[in-house]
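For reference, the chains in residue letters:
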Amino acid sequence: MVDHRSVDVGGIRLAYQVSGPPEAPPLVLLHALGEDAADWDVVAPVLARSWRVYALDLRGHGRSDWPGDYSLQLMRDDVLGFLDALALDRVDLMGHSMGGIVAYLFAGEYPQRVDRLVLEDVPVPRPREQSTPIRPDGKLTFDWEMVLAVRRQIDTPDPEWLEGLSKITAETLAVAGGPGSHVPQEGIVELARRVPRGRAVTIPAGHLIHNAQPTVFVAVALRFMQPSAGGPRPSLQPDDEVPLRNG
């Protein structure tokens, strides 16, 4: 069962979906640019068997407030406020694309709050060729001004973001989407190598890994995040290839 809730964080209403046993360890999911908590619906039910899953609508998205003030650092601090408001001390954290940037910014700034970190097809913070996004037609489920603000930051990231990766203490798995993704894959490998306890794995499913190959994505996430019965969590080697399965 999924509950739809909201919480006030510094005057900003953040909507979220929560599922899973209340006594289970907390897992926070952060969506990509232009998405919302519902983007995780295909994998959240399986994750909720082992975790108390909190899927947020980041500011400017979905049912959360659209305050007109946007940056990835503000989203990072919204996550901190969210954890504090719900009295969540330490969490596992999973982010896709833009949500993964927010996740690694959070894990670098507040390393004591994150146990394990999963970054799904997240670019390394290096400058890239800038382009002007085109607004889709019709009513949007996100604030277009947010898109413009965030895209500027992703195109020209703060140099401190790259250095901040070394401050992450959480075990970290960077999941790359392979050649079908628009994100430079060598950058994902670099990101994983810059995190002291980071590793990378490739699921050749393109950028939308958890939607294109949910069975494989969840299997890889579980293998990384869950201890095996009677022993330590199985290890993934850097750049492991995971065979595709229908799912």
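Look up: the structure comes first, before these words.
Note that the structure is predicted; figures quoted are calculated from it, not measured.

1. A few points about the nonpolar core
Then, in step 1: One finds L30, L72, F82, Y104 and L117 to be the most contacted residues of the largest nonpolar core, which totals 50 residues.
Then, in step 2: It is helix α3 (residues 98–109) that contributes the most residues to this core, 8 residues altogether.
Then, in step 3: Other than its neighbours up to four places away in sequence, L72 contacts M98, I101, V102, L105, V150, Q153, I154 and W161.

2. Concerning the packing of helix α2 (residues 72–85) against helix α4 (residues 144–155)
Then, in step 1: As a packed pair, α2 and α4 sit with axes 9 Å apart at the nearest point and diverge in direction by 105°. Compared by their axis directions, α2 and α4 come out roughly perpendicular. Only M146, V150, Q153 and I154 of α4 make contact with α2, whose side of the interface consists of L72, Q73 and M75.
Then, in step 2: Counted by class, the contact of α2 with α4 contains 5 nonpolar, 2 polar and no charged residues.

3. Points about unusual backbone geometry
Then, in step 1: Its identity is not glycine, yet S97 carries a phi of approximately 55°, on the positive side.
Then, in step 2: Structurally, S97 is set in the loop between β5 (91–96) and α3.
Then, in step 3: One non-glycine residue with positive phi stands out, namely D121, at about 50°.
Then, in step 4: Looking at where D121 falls in the secondary structure, it is placed in the loop between β6 (114–120) and α4.
Then, in step 5: Here D121 falls in the buried class, since its relative accessible area comes to 0%.

4. A short note on the pattern of salt bridges
Then, in step 1: The full count for this structure, using the stated rule, is 12 salt bridges.
Then, in step 2: With a shortest N-O distance of 3.0 Å, D77 and R76 are connected by a salt bridge.
Then, in step 3: Close ionic contact of R113 with D84 constitutes a salt bridge, the shortest N to O distance being 3.0 Å. Of the two residues, R113 sits in the loop between α3 and β6 while D84 sits in helix α2, which places them 29 residues apart along the sequence.
Then, in step 4: Residue classification places R113 among the buried positions, given a relative accessible area of 11%.
Then, in step 5: The exposure class of D84 is partly exposed, given its relative accessible area of 47%.

What counts, and at which threshold
Throughout this document, residue positions are counted from 1 along each chain, in the order its sequence is written. Side-chain atom pairs in this predicted model are given and counted only at pLDDT of 80 or more, local residue features only at pLDDT of at least 70, and totals for whole chains, interfaces and linings cover all residues. Hydrogens and waters are ignored; side-chain quantities use all the structure's heavy atoms. Throughout this description, the term nonpolar core refers to a set of buried Ala, Val, Leu, Ile, Met, Phe, Trp, Tyr and Cys residues connected via side-chain atoms within 4.5 Å. Buried means the residue's accessible area, taken with a 1.4 Å probe over protein chains only, is under 20% of the maximum for its type, while exposed means over 50%, and partly exposed covers the values in between. Helix numbering and strand numbering both begin at the N terminus, where a helix is a DSSP run of H or I of at least 4 residues and a strand a DSSP run of E of at least 2. In this analysis, two residues are considered to be in contact whenever any of their non-hydrogen atoms come within 4.5 Å of each other. Helix axes are fitted to C-alpha atoms over the stretch in contact, other axes to C-alpha atoms as well, and angles between N-to-C directions run from 0 to 180 degrees. Oblique is the label for every angle not falling under 35 degrees (roughly parallel), over 145 degrees (roughly antiparallel), or within 65 to 115 degrees (roughly perpendicular). As a working rule, the residues Ala, Val, Leu, Ile, Met, Phe, Trp, Tyr, Cys and Pro are called nonpolar, Asp, Glu, Lys and Arg charged, and the rest polar, with Gly in that last group. Criterion for a salt bridge: a side-chain nitrogen of Lys or Arg within 4 Å of a carboxyl oxygen of Asp or Glu.

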